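As a plain string of letters, each chain reads:
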Amino acid sequence: MNWLSRVRNAMPFIAKRETEGNLWNKCPSCSQMIFIKEYEENLSVCTVCGHHGRIGPKARFQQIFDDNGWSMLPTPRVAEDPLKFRDSKKYVDRIKAARTATGEHDALLNARGKIEGQGVVVGVQDFAFMGGSMGVGVGEAFIAGAQAALADKVPYIIFTAAGGARMQEGILSLMQMPRTTVAIAQLREAGLPYIVVMTDPTTGGVTASYAMLGDVQMAEPNALIGFAGQRVIQDTIREKLPEGFQRAEYLLDHGMLDMVVERKDLRQTLARLIGYLMPEKAAA
Amino acid sequence: MVALLEFEKPVAELLARIAELRESAGATDIDPEIAKLEAKADRLLHDTYAKLSPWQKTQVARHPDRPHFKHYVGQLIDDFMPLAGDRAFGDDQAILGGLGRLGGRRVMVIGHEKGDDTATRIRHNFGMGKPEGYRKAIRLMELADRFNVPVVTLVDTSGAFPGVQAEERGQAEAIARSTEKCLELGVPIVAAVVGEGGSGGAVALAAANRVLMFEHAVYSVISPEGCASILWRTAEKAADAAEAMRITAQDLKRLGVIDEIIAEPVGGAHRSPAIAIDALGAAIGKSLDSLNGLGRDKIKQQRREKFLAMGGL
Ligand SMILES: [Zn+2]
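Residues numbered from 1 in each chain as written. Chains lettered and ligands numbered in written order. Predicted model: local features only at pLDDT ≥ 70, side-chain atom pairs only at ≥ 80, totals over all residues. Heavy atoms only, no water.

## Remarks on the environment of Glu173(B)
Step number 1: Secondary-structure assignment places Glu173(B) in helix α8 (residues 171-184).
Step number 2: Between the alpha carbons of Glu173(B) and Met128(B) there is a distance of 16 Å; along the sequence they are 45 residues apart.
Step number 3: Once you skip the residues sitting within four places of it in the chain, Glu173(B) turns out to touch Met212(A), Met256(A) and Arg135(B).
Step number 4: One polar contact links Glu173(B) to Arg135(B), side chain to side chain, over a distance of 2.9 Å. (Helix = DSSP H or I, 4+ residues; strand = E, 2+ residues; numbered from the N terminus. Contact = heavy atoms within 4.5 Å. Polar contact = N/O pair within 3.5 Å; in protein donor to acceptor, adjacent residues only side chain to side chain.)

## Let's talk about a nonpolar patch on the surface
Step number 1: A cluster of nonpolar side chains, Trp24(A), Met33(A) and Phe35(A), forms an exposed patch at the surface whose accessible area comes to about 310 Å².
Step number 2: On the secondary structure map, Phe35(A) appears in strand β2 (residues 33-35). (Patch = residues over 30% accessible without salt bridge, like charges linked within 9 Å, V, L, I, M, F, W, Y side chains within 5 Å. Areas by Shrake-Rupley, 256 points an atom, 1.4 Å probe, with all protein chains shown as cover. Salt bridge = Lys/Arg side-chain N within 4 Å of Asp/Glu carboxyl O.)

## A word on the coordination of the zinc ion
Under ideal tetrahedral coordination, the four donors around a metal are separated by 109.5 degrees; under ideal octahedral coordination, the six donors are separated by 90 or 180 degrees.
All names here are of chain A.
Step number 1: Within the protein, the atoms that donate to the zinc ion are Cys27 (SG), Cys30 (SG), Cys46 (SG) and Cys49 (SG), at distances of 2.2 to 2.3 Å.
Step number 2: Coordination geometry of the zinc ion: the 4 donor atoms subtend angles of 107 to 112° at the metal centre, consistent with an arrangement described as tetrahedral.
Step number 3: Donor residues binding the zinc ion come from one chain and are separated in sequence as C-x2-C-x15-C-x2-C.
Step number 4: Since its relative accessible area comes to 27%, Cys30 is described here as partly exposed. (Donors = N, O, S within 2.8 Å, 3.2 Å for Na, K, Ca; no water. Tetrahedral: all angles 85-135°; square planar, octahedral: opposite > 155°, others 65-115°. Buried < 20%, exposed > 50% of the residue type's maximum accessible area, 1.4 Å probe, protein only.)

## Looking at helix α3 (residues 54-61) of chain B
Residue and element names in this part refer to chain B.
Step number 1: Listed as buried for α3 are Pro54, Lys57, Thr58, Val60 and Ala61. For α3, the buried positions fall inside an angular range of 160° around the axis, keeping them on one side.
Step number 2: Summarising the contacts, the buried residues of α3 are in contact with α2 (31-50), β5 (189-198), β7 (218-220), α10 (224-232), α11 (238-245) and α12 (249-254). (Arc of directions from axis to C-beta.)

## Concerning the packing of aromatic side chains
Residues and elements named next belong to chain A.
Step number 1: Within this structure, the stated rule accounts for 12 aromatic pairs over all chains.
Step number 2: Here the aromatic rings of Phe61 and Trp70 are separated by 5.4 Å at their centres, their planes lie at 45°, and the arrangement is tilted.
Step number 3: Phe61 sits in the buried class, given a relative accessible area of 0%.
Step number 4: An angle of 75° between the planes, with centres 5.3 Å apart, marks the rings of Phe142 and Tyr156 as edge-to-face. Pair noted here: Phe142 is in helix α6 (residues 136-152) and Tyr156 is in strand β6 (residues 156-162), with a separation of 14 residues, a long-range link. (Phe/Tyr/Trp six-rings, centres within 6.5 Å; stacked < 30°, edge-to-face > 60°.)

## Here's the deal with the confidence of the model for chain B
Step number 1: Overall, the predicted model of chain B reaches an average pLDDT of 95, with 97% of residues at or above 70.
Step number 2: Interface scoring of the predicted complex returns ipTM 0.95; its pTM is 0.94. (pLDDT = per-residue confidence, 0-100.)

## Points about the pattern of salt bridges
Step number 1: In this structure the tally under the stated criterion is 41 salt bridges over all chains.
Step number 2: Measuring nitrogen to oxygen at the nearest pair gives 3.7 Å for the salt bridge that ties Glu33(B) to Arg17(B). Taken together, the residues Glu33(B) in helix α2 and Arg17(B) in helix α1 (residues 9-24) connect sequence positions 16 residues apart.
Step number 3: Given the relative accessible area of 36%, Glu33(B) is considered partly exposed.
Step number 4: Several salt bridges share partner residues, and in doing so they unite Arg188(A), Arg135(B), Glu173(B), Arg177(B) and Glu180(B) into one network.

## Some thoughts on helix α5 (residues 91-102) of chain A
Residue and element names in this part refer to chain A.
Step number 1: For α5, spanning 12 residues, the distance from its first C-alpha to its last is 16 Å, which sits close to the expected 16 Å at 1.5 Å a residue.
Step number 2: By the burial criterion, the buried members of α5 are Tyr91, Ile95 and Ala98. Within α5, the buried residues cover an arc of 60° as seen down the axis, which keeps them to one side. Facing away from the buried side of α5 by over 90 degrees, the exposed positions are Lys96, Thr100 and Ala101.
Step number 3: Two residues or fewer past α5, Gly103 is found with a positive phi of approximately 75°. (Expected span 1.5 Å × (residues − 1).)

## As for unusual backbone geometry
Step number 1: Put simply, Asp200(A) and Pro201(A) share a cis peptide bond, and its omega is -15°.
Step number 2: Its location among the elements puts Pro201(A) in strand β7 (residues 194-203).

## Points about the environment of Asn42(A)
Step number 1: Among the structural elements, Asn42(A) can be located in the loop between α3 (36-41) and α4 (57-64).
Step number 2: Note: C-alpha distance between Asn42(A) and His52(A) (10 residues apart in sequence) is 9.9 Å.

## Section: the confidence of the model for chain A
Step number 1: Looking at chain A, the pLDDT average stands at 91 and 91% of residues meet or exceed 70.
Step number 2: The model gives residues 1-19 of chain A a pLDDT under 50, and that stretch makes 26 contacts with residues more than four places away or in other chains.

Here you go:
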């Protein structure tokens, strides 16, 4: 049984959606209606145009890890709403809504497991949780993931997805940039690989910190990756943005990535890379 | 005369009245009245600045007459030797740096320069750094590290430049690496937020052993206007966003994000720049002395532990 069919057999969410009568997925890129089962069996990549849909941590873990070989790490608890922030809504209510919608505690989850027999810790940012935004909870989860990798003496792989900082946590969200950077430095000093896979979208403070500090940097096709938002840039320069601007292939052309990897090839690519960077583990 | 801010209008009216009286004067019998009005204006200025809202502080922090990098360097740094270039692309004028002496101590000074008239603002790109600016900062920090020279940074930027070429040359990567460099230095780094501390473009120079901040400076993850236009869907709610985000030195001290607040002269640093600049110089000197002789590992460890502890339960 190849790994793709293993993934197919481990898709508990399909049945749930079917009972809701939501059988079709409209591709945001080519507008084709695709049978949801077929779409998810294809790793949430459009079978018509190849558009890589956004997926959450659980689906990602399922796709990346060896079968039955992974377990979730606990999500660190942090101060809730440290600024008592409210805009049109209270921040605590926004968090509550995000938790209800996703069933998760915050926007970054870690799991420990194996990729083709090689131990790793994988962190996945969840765009569905408040746009994947980086607050204290995300920063703390990143640090916990890196430290779990340190403890296990295995690589830390992060899948980034974020609209940027969690504005509702103000300066504390900005401080996650240096905080996560310290965790990366500790991995480096321990001689452990830190691998970044950027997924759609990766922008703002996340890009300007841990997303750009990988030993090796990959991205999924067509992922939006940048520091400044396109609207902000357009307002500043007052001219049309170049074709493909801030897309994964564009960043590859400009030397900011090592490779753009299709989702179906990610697992194998990561396994090969780890085999090169940690040959003694690969032999085990 | 310094440019007056919107909320200083009552003070401005008093000052106008005083000027009027002076003009029509010559007669000594109105002197007592002028003195009374002047005392009143002073008191009003004092009271206004004692309870500035976060949005008002933002205006003060952005005041065109507020001292800039070149003023701090001019007054505080002896024998300044500017250093230039990232050795890869160019020399960014928004981020300047060089070697010098602060009260006799060797330092590498790096900071944002906004410029203070149309020509210099354009030249310095309003203090918005580009990748080559952050890469120059990295270069200068590495140089300082190798020759055991402490680093002093002066943060004053609305943010890193949002432009097509800046993105193409890796703005995000340059900021990430600059932050990383601050954190791996074996020499002390003391950062001072002297005006605006705007987002990643600020933190890239401010991941320091000690972070100082002027009394009316602001430091935030996004500008109040930017936050308001996203969360309130109109930039006109900037004052509310400034309030909600906790961007003042007083708030950041409470949150443990900065280490020390430097008092400004009554009416803000722009009213008595020389006094403000001296106060900054003294505070930086004291911070450098407190870190002196700690040893490379301890310096690095102190910085890491400080940031790792931030925002914990
Ligand atoms: Zn499609």
